[in-house]
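Listed below, chain by chain, are the residues.
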Amino acid sequence: IFPNKRWYQTAGVKLASNNLVKSNEEIKRIWDKHFPEYVYNASFMDENINRFYANEQRISLIYKVYAIIAIFISCLGLYGLVSFMVVQKTKEVGIRKVLGASVHSIMYLFSKEFTILISIAFLIAAPAAWYLMHTWLKDFAYKIDIGVGVFVIAILASIFIAWITVGYKSFRAAVANPVKSLRTE
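Procedures and definitions
Residues numbered from 1 in each chain as written. Predicted model: local features only at pLDDT ≥ 70, side-chain atom pairs only at ≥ 80, totals over all residues. Heavy atoms only, no water. Helix = DSSP H or I, 4+ residues; strand = E, 2+ residues; numbered from the N terminus. Rg over C-alpha atoms; globule rule 2.2 N^0.38 Å. Buried < 20%, exposed > 50% of the residue type's maximum accessible area, 1.4 Å probe, protein only. Contact = heavy atoms within 4.5 Å. Areas by Shrake-Rupley, 256 points an atom, 1.4 Å probe, with all protein chains shown as cover. Lys, Arg positive; Asp, Glu negative; His and termini not counted. Charge placed at Lys NZ, Arg CZ, Asp CG, Glu CD. Polar contact = N/O pair within 3.5 Å; in protein donor to acceptor, adjacent residues only side chain to side chain. Bend = angle between axes of the 7 residues up to and from the residue.

### Considerations on the overall build of the protein
Moving on, step 1. Each helix and strand in the protein was counted, giving six helices and zero strands.
Moving on, step 2. Along the chain direction, N to C, the helices and strands of the protein fall in the order α-α-α-α-α-α.
Moving on, step 3. On C-alpha atoms alone, the protein measures out to a radius of gyration of 30 Å, which is more than a quarter above the 16 Å that the 2.2 N^0.38 rule sets for 185 residues.
Moving on, step 4. Along the longest, intermediate and shortest principal axes, the C-alpha atoms of the protein span 95 × 30 × 25 Å.
Moving on, step 5. When burial is assessed residue by residue, the protein has 19% of its 185 residues classed as buried.
Moving on, step 6. If you take every contact in the protein between residues at least 6 apart in sequence, the share linking residues at least 24 apart comes to 70%.
Moving on, step 7. Accessible surface, the protein: about 14600 Å² in total, of which carbon and sulfur atoms supply 67%.
Moving on, step 8. Put simply, the protein has 21 plus and 12 minus side-chain charges, and the middle of one group is 12 Å from the middle of the other.

See the structure below:
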């Protein structure tokens, strides 16, 4: 019993795997005898299932490649923004160093702002990401729910990548000679 008329010409047959060629020929002979007006088109269920998920695998690969490209481009943008901030705060960093600021406190000065900005961006993006992933995953036969752990890992990875990007440039600014930075202004 099928709800769709196009499936009326379809039959499912369970076969033993020891002699598939002979079994397929016999099924074709029986099909042609009883349904000569329809073309016999055999396919195996495992092949059909693999075709269903082949598209998902291609999309998954595309998402991974574009995610890596997006992370690389965002790191370049973040590096450029930190470079701009270091140039803008050259005099401030020099004065802080003269007054006894440590390298750690100067690096904290730069990374604090970016951590707050990344946290705000995450709070905006997380609900949208959850909704889109939930909508996409509900169409699968075997479903999983998006847990909080995925988002915790995402925010920690984002902050870690930002700290590495910001840390390099801010470390160079923190160890620079304060006399040169004060003299250039």
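### A word on the side chain of Lys89
Moving on, step 1. Within the fold, Lys89 resides in the loop between α2 (45–88) and α3 (90–98).
Moving on, step 2. Classification of Lys89 as buried rests on a relative accessible area of 17%.
Moving on, step 3. There is a polar contact of 2.8 Å between the side chain of Lys89 and the side chain of Glu113.
Moving on, step 4. Lys89 has contacts with Phe110 and Glu113, leaving out every residue within four places of it along the chain.

### Here's the deal with helix α4 (residues 103–137)
Every α-helix carries 3.6 residues per turn, so stepping three or four residues along brings you back to the same face.
Moving on, step 1. The principal kink in α4, of about 30 degrees, is found at Ala125, preceding the proline Pro127 by one to four residues.
Moving on, step 2. Every buried residue of α4 is listed here: Ile106, Leu109, Phe110, Ser111, Phe114, Ile118, Ala126 and Leu137.
Moving on, step 3. Looking at the packing, one finds that the buried side of α4 touches α2, α3 and α5 (148–174).

Bear in mind that shape data such as this cannot, by itself, settle questions of function.
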